[in-house]
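# Structural features, examined
Now for the letters of each chain:
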Amino acid sequence: MNSNLVSLWNANFDQGISTLVIPDGCRDLIVKTVGNEKTDWFVSPLFDTAESIQVEARCSYVGFRLSPGTGIRERELLTYIETKRLEAGEVKHIIGDFITFEYSVQEALEGLASELGTVKQVSVQLGVSVRTLQRLIFNKTNRTPGYWLQLARIRKAAKSLSHDVNLADVAENYGFSDQSHMNREFQRWFRLTPVQLLNTPNVIRQLYDQGYG
């Protein structure tokens, strides 16, 4: 397993619950097991908004988190795992054969997650045209540069929250036109207001897992 490309996580649930999964810019290769049933391998989508996930009782997950912008030959990988009947411990040794990560994409995503401000400013910093940057990012991630800019901004703003912070200051610090605009963006991405997010420990924990921005 190439540690520069993926990290490993696991979660176990004795009881069935409903949980909120927020956008993090990553896709995960996941194996789900319910009780003693057959394992189910799948690749998570790139979320555009928070999704409510129903978790079954006696359910366990093991996941390989792919870094933002990582390419994955999804069908080939899943077919190989099923054909070889691989366990998670075995998959970590072969997953690198099915994923790709281009330096130009990494550099562009790092620029978009920085404090440069706009797609045009990032393109200037990278020495490419706006059109070239847009084409590169969309072709490799199926999302626009604007998506990545906004995702980085909302995640950074969310990480800066505390019960002592002034929300109007957070809005100003992260380039929102005002606090109302920030609230709308929080609800768009997280389906929670800033205050609700502060009172949702599961979401706060996710913000500090490996992710974009």
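Residues numbered from 1 in each chain as written. Predicted model: local features only at pLDDT ≥ 70, side-chain atom pairs only at ≥ 80, totals over all residues. Heavy atoms only, no water.

Let us now look at unusual backbone geometry. For R58, which is not a glycine, the phi torsion comes out positive at approximately 55 degrees. The topology assignment puts R58 in the loop between strand 5 (51-55) and strand 6 (59-66). (Helix = DSSP H or I, 4+ residues; strand = E, 2+ residues; numbered from the N terminus.)

A complete count under the given rule lists 8 salt bridges for this structure. Linking D28 and R65 is a salt bridge whose minimum nitrogen-to-oxygen distance equals 3.0 Å. One end of the pair, D28, is in strand 3 (residues 27-34); the other, R65, is in strand 6, with 37 residues separating them in the sequence. You can call R65 buried: its relative accessible area is 12%. (Salt bridge = Lys/Arg side-chain N within 4 Å of Asp/Glu carboxyl O. Buried < 20%, exposed > 50% of the residue type's maximum accessible area, 1.4 Å probe, protein only.)

Now for the environment of G111. Its place among the elements puts G111 in helix 3 (residues 103-112). The spacing of G111 and V122 is 11 residues in sequence and 5.8 Å in space, taken between C-alpha atoms.

Structurally, L20 can be placed in strand 2 (residues 17-21). Classification of L20 as buried rests on a relative accessible area of 18%. Separated by 31 residues in sequence, L20 and E51 have C-alpha atoms that sit 5.6 Å apart. Once you skip the residues sitting within four places of it in the chain, L20 turns out to touch A50, E51, S52, F190, L192, N202, V203 and Q206. (Contact = heavy atoms within 4.5 Å.)

It is characteristic of soluble globular proteins that their nonpolar side chains tend to be buried jointly. Grouped together as the largest cluster of nonpolar side chains are 36 residues, with contacts concentrated most on L112, W148, F186, F190, L197 and Y212. Within the residue set of this core, elements represented by two or more residues are helix 3, helix 4 (119-126), helix 5 (130-141), helix 6 (145-159), helix 7 (167-173), helix 8 (179-190), helix 9 (194-198) and helix 10 (201-207). A per-element tally of this core places helix 6 first, with 8 residues. Leave out the neighbours within four places in its chain, and L197 touches A158, L161, F186, F190, L192, V203, I204 and L207. W41, I81, A88 and I95 belong to the second largest nonpolar core, which has 16 residues in total. (Core = buried A, V, L, I, M, F, W, Y, C linked by side-chain atoms within 4.5 Å.)

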